[in-house]
Structure formats: C-alpha cells, structure tokens
Amino acid sequence: MRGMAIRVFLVPLLVASAAGLPASQEIVDRIAARVENDIILLSDIRVLGRYQQFLDGKSETDAQLLERLIDQWMVRTEADASRFPQPSDAEIDRALERLRKSFASAEEYEARRKQSGLSESEVRGIVASQLYLSDYLDSRFRPTVQVDPKAIEDFYKKSIVPQAKALGQEPPSLDAAREAIQEALVQRGINEQAEKWLKESRTRLHIENLLDGGSK
C-alpha cells in the first residue's frame, strides 16, 4: 500500500542511457541544477520524463520534473546518511511484478516500455530507487501518523460507498473495508508529513536552478 508515496518520488537513473541510438542522435548533456555540492543533469530530467510517459502516457514539464528530482535528492541524502538499507532483490522483484500487473496486459507493458525508450534494466533500476525512497519515508513518518476511528467512518461514507454505487456494485461493509481504509489514511498522513518536511528542508539548502537561469 505504498503506491502513493512511490508515485510522489519517482526516481530516474543518474545518467540517461544512449544505448541503441545512432551516433547522430547522441544525447548532449548539461547541468540542470546544483543542490549543495551535488548536481542534477538534464539527462536525469529526460529519464524521469520517459518513465512518466511509460507509466501514464504523458510527462510533466522539465521545470516540474526538476522539482521532483530536488525532492528526491533530499530524501536520498537523508536516507543514505542514516544508513537506511537498500531493498533486497526479492523486494525489487515483487515491486516489478506489481508494476507489470498495473498494466492491462503483459503486451501493453512491453509496448509502453519500448515506446518510452526504457530498457528492462533501466526500469528495474528506477523501481529499486523508488522502493528505497518510499520505504525510507514510510519508516520515518509512519510511527507519527495517528488515524481517528471517525476518519475511517467518514472515508467509508464519503468515498467507498459512493464509489461502489457509481460502479453499480454493492459496497463492502465498514468492517470489511476498515483495514484498507486505515492504510489509505496512514499513507495520506505519511505523504502530508513528507511534503511538509521537504518544504521546510528546502529553506536550509543552497539550490541553483540552471534550467531557467535562476537560483534559490
């Protein structure tokens, strides 16, 4: 149930792969931003855009993608400093399987992957990075999230029941849906706290945006 957190922190590989491209289409790279003593490359933005295209059939603007990459830098820097463990191969395999099942069919998955220009190894690397960041955020903020029983009932009445009726289905009982609703609300709380932390953390960083010539 960490899907929302994973969607928020999509992580590209550090360098875009030019494998398979003829020499005339070689990628010309440059620095898009400096964050403290590190850099974010234009190729990082391009890979993230390709991954969004793969998932959703569209991508955000370069400026929006750069903002995501800066957020990811903050999360990764803190996770690395705390020696947070990398996901195991088995965990990455399970995450990849969930990703494949999010598509209508294996054929659609392959077609969209190839259309985006991502190799299977690139997809695996991105998924592994997503998992690392989302697991860290979960471990950092989950213990502080409290879910009120009334919030569960309200979510059931305002979201679960209307959604089921709109589909012409009989809604599950509150007891049957309680565990899933609690987890959804916990995830919402994790995301809200993560966003607040990221916003506060940015004020303490030196960020030079070279994509549009500005700095902040």
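Cut-offs applied
Residues numbered from 1 in each chain as written. Predicted model: local features only at pLDDT ≥ 70, side-chain atom pairs only at ≥ 80, totals over all residues. Heavy atoms only, no water. Helix = DSSP H or I, 4+ residues; strand = E, 2+ residues; numbered from the N terminus. Contact = heavy atoms within 4.5 Å. Core = buried A, V, L, I, M, F, W, Y, C linked by side-chain atoms within 4.5 Å. Buried < 20%, exposed > 50% of the residue type's maximum accessible area, 1.4 Å probe, protein only. Phe/Tyr/Trp six-rings, centres within 6.5 Å; stacked < 30°, edge-to-face > 60°.

J.: Can you help me understand the environment of Ser116 in this one?
T.: Topologically, Ser116 is positioned in helix H5 (residues 106-116). Along the primary structure Ser116 and Tyr51 are separated by 65 residues, whereas in three dimensions their C-alpha atoms are 7.0 Å apart. Those residues in contact with Ser116 that sit more than four places away from it in its chain are Arg50 and Phe54.

J.: Could you clarify how one ought to interpret the nonpolar core in this entry?
T.: Within soluble globular proteins, side chains that are nonpolar generally end up buried alongside one another. Membership of the largest hydrophobic core comes to 27 residues, with the highest contact counts inside it found for Ile40, Ile45, Ile70 and Val75. Of all the secondary-structure elements, those providing two or more residues to this core are strand S1 (31-35), helix H2 (42-56), helix H3 (62-81), helix H6 (120-141) and helix H8 (174-202). Among the elements that take part in this core, H3 stands out by supplying eight residues, more than any other. What Ile40 contacts, discounting residues up to four positions off in sequence, is Ile31, Ala32, Ala33, Val35, Leu66, Leu69 and Ile70. Counting residues in each nonpolar core, the second largest holds 16 residues, with Tyr51, Ala95, Leu118 and Ala128 among its members.

J.: Explain the packing of aromatic side chains to me, please; I cannot follow it from the model alone.
T.: Two numbers describe a pair of aromatic rings. These are the distance of the centres and the angle of the planes. Scanning all chains against the criterion turns up seven aromatic pairs. Relative to Phe54, the ring of Tyr51 has its centre 5.8 Å away and its plane inclined at 50°; by these criteria the two rings are tilted. One end of the pair is Tyr51 and the other is Phe54, both in helix H2 and three residues apart, which spans about a single turn. Considered together, Tyr51 and Phe54 belong to a single accessibility category, that of buried residues. For the pair Phe141 and Trp197, a centre-to-centre distance of 6.0 Å together with 55° between the ring planes defines the contact as tilted. Placement of the pair is Phe141 in helix H6 and Trp197 in helix H8, with a sequence separation of 56 residues. In this structure, Phe141 and Trp197 share a single accessibility class: buried.

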